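Below are the chains, spelled out letter by letter.
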Amino acid sequence: MAKLSQEDLLAQFEEMTLIELSEFVKAFEDKFDVEAAAPVAVAAAGAPGAPAAAEAEEQDEFDVILTGAGDKKIQVIKVVRELTSLGLKEAKDLVDGTPKPVLEKVAKDAADKAAEALKGAGASVEVK
């Protein structure tokens, strides 16, 4: 395998989406047993103030919180089981113990889809 120069690697990273780059960083950390969080934080702090502040305000991870089961509790439990890997008892306990998070730190589109599915089953939901 030919060795890639630093410029070639940067060109490859430039073409990646943020999700792909995030997955690469996780794989890199796992492979070499390192953590990239500290250097990334330092690099972000060194960036110009206005763009960094705009990026910090933009939320990219959302929590889907079940606030009420509604009249169709069984349907809500079924949807919770579809959205998570919980068993029947765990899903029922989650629905009974509202308000509780169903999904945590998911992308905006996944949070919206989950909220719509839960609302469709009759539950009341918050996305934070």
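Procedures and definitions
Residues numbered from 1 in each chain as written. Predicted model: local features only at pLDDT ≥ 70, side-chain atom pairs only at ≥ 80, totals over all residues. Heavy atoms only, no water. Buried < 20%, exposed > 50% of the residue type's maximum accessible area, 1.4 Å probe, protein only. Helix = DSSP H or I, 4+ residues; strand = E, 2+ residues; numbered from the N terminus. Pairing = 2+ DSSP bridges. Core = buried A, V, L, I, M, F, W, Y, C linked by side-chain atoms within 4.5 Å. Contact = heavy atoms within 4.5 Å. Phe/Tyr/Trp six-rings, centres within 6.5 Å; stacked < 30°, edge-to-face > 60°. Lys NZ or Arg CZ within 6 Å of the ring centre and 35° of its normal.

A. The arrangement of the pairing of strand β1 (residues 62-68) in detail. Taking burial as the measure, the seven residues of β1 include five buried ones, the bulk of the element. Where β1 and strand β3 (residues 124-127) come together, four bridges link them in antiparallel fashion. Bridged to L66 within β3 is V125.

B. Focus on the nonpolar core. Of all hydrophobic cores here, the largest spans 21 residues; its most connected members are V64, L66, V76, V80, V95, L118 and V125. Sorting the residues of this core by element identifies β1, α5 (73-83), α6 (88-96), β2 (100-106) and α7 (108-120) as the ones contributing at least two each. Residues within four places of V95 in sequence aside, it is in contact with L66, A69, K73, V76, I77 and V80.

C. Structural context of the packing of aromatic side chains. This structure, assessed with the given rule, holds three aromatic pairs. Judged by centre distance (6.0 Å) and plane angle (40°), the ring pair of F24 and F28 falls under tilted. A residue pair is termed a helical-turn pair when its members lie 3 or 4 positions apart in one helix, as F24 and F28 do in helix α2 (residues 18-32) at four residues. Exposure remark for F24: the relative accessible area of 34% places this residue in the partly exposed category. Taken together, a centroid distance of 4.8 Å and an interplanar angle of 50° make the contact between F28 and F32 tilted. Of this pair, F28 and F32 both sit in helix α2, four residues apart, which is roughly one turn of that helix. Residue classification places F28 among the partly exposed residues on the basis of a relative accessible area of 39%. Three or more aromatic residues link up through ring pairs in this structure, and these residues are F13, F24, F28 and F32. One residue, K108, lies across the ring of F62, its end atom 5.1 Å from the ring centre.

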